[in-house]
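Summary of the model geometry
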Amino acid sequence: MNYTEFMNAMLCEIRGQVDAQVRTELYTVTKNNGTRRTGILFKQEDSNLAPTIYLEEFYQKYLKGQQVPDLADSICSIYQEIRVKKTCDCQNLFDFNHVKEHIVYKLIRRDANEELLKKIPYEPFLDLAVVYYIQIDNTRFGSAAIQIRNEHLRYWRVEKDEIRRLAEKNTPRIYPVQIRQIVRFMYVATNEQCSLGAAVMRYPDFRKKVRGMIRGDFYILPSSIHEVILVPESFGLEPERMQEMVKEINQTGVAPEEVLSDSVYYFDGEEIRIVAK
């Protein structure tokens, strides 16, 4: 069956498995970089939170021979682990004093999100955009977060500079940096949650800390929105060769909504700049 038929078959199968008080429906959303994903939305009567489990990876499993009932069992098991038995007090989201300690930032590609950036506060950074959101919860299946939009600022009566200040304070605290060596001359930088970890390259003192660790200037390869690769200049790779590596990773090893940039960045101890684009 094609993908549309598969989605409807999965919805029918899942509806036969979940409790009567759980409403399910197909839900399509525009994600990062303008990509669209469709999943099963679960709406529980006693909760105003509705998790969505996306279907693309399950369709690939179906194409490899797994059966729809078995895949539906897997989705229902995931839902049972992540279901929210309590409601979210949405009124608190309108209370700036309540949310301000949970405001954080992430990095996204600027040229692929032009329509989104018209509607949200952001800060240009290289060829990227720093965008802000409210972190609600984290699980091993994903996170619950709310994108901060221009209307939030108007309701809260705060300026973008205040959102930026809070995010720059909160993000390193909530998402501590993690750096590990993967081969002799390459390191991976992300956060402890390994989620949206490319943002660490904007952390205070991060670049100077890395420069001291590898004893010299270095390149930053944006391998995804979740992590960046650090390459010492002393290793001798040409920026153009590294850009080919980044493009290949983006085309073959990263989901479209997780691509950050095809550029290569360079830190010389004073500033970070694009050296291959």
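One can find the structure itself at the top, above this paragraph.
Here we summarise the structure given alongside this text. (Residues numbered from 1 in each chain as written. Predicted model: local features only at pLDDT ≥ 70, side-chain atom pairs only at ≥ 80, totals over all residues. Heavy atoms only, no water.)

Okay, helix α3 (residues 68-82) next. If you check α3, its first and last C-alpha atoms are 21 Å apart, about what 15 residues at 1.5 Å a residue would give, namely 21 Å. Burial in α3 covers these residues: V68, L71, A72, I75, C76, I78, Y79 and I82. Along α3, the residues classed as buried sweep out an arc of 160° about the axis, all on the same side. (Helix = DSSP H or I, 4+ residues; strand = E, 2+ residues; numbered from the N terminus. Expected span 1.5 Å × (residues − 1). Buried < 20%, exposed > 50% of the residue type's maximum accessible area, 1.4 Å probe, protein only. Arc of directions from axis to C-beta.)

Structurally, R109 can be placed in strand β4 (residues 103-109). Only 3.0 Å separates the side chain of R109 from the side chain of D111, close enough to count as a polar contact. Discounting residues that sit within four places of it in the chain, R109 has contacts with N33, L128, V259, L260, S261 and D262. (Polar contact = N/O pair within 3.5 Å; in protein donor to acceptor, adjacent residues only side chain to side chain. Contact = heavy atoms within 4.5 Å.)

One recurring pattern in soluble globular proteins is that nonpolar side chains are buried together. Core analysis: the biggest nonpolar cluster contains 41 residues, and I103, I163, M201 and L230 have the highest contact counts within it. With 5 residues, strand β6 (residues 128-139) is the largest single contributor of residues to this core. When sequence neighbours within four positions are dropped, the list of residues in contact with L230 reads I179, F185, M186, Y187, A189, F206, V210, F218, Y219 and I220. Judged by nonpolar contacts, the second largest core, of 22 residues, contains V22, F58, I78 and I82. (Core = buried A, V, L, I, M, F, W, Y, C linked by side-chain atoms within 4.5 Å.)

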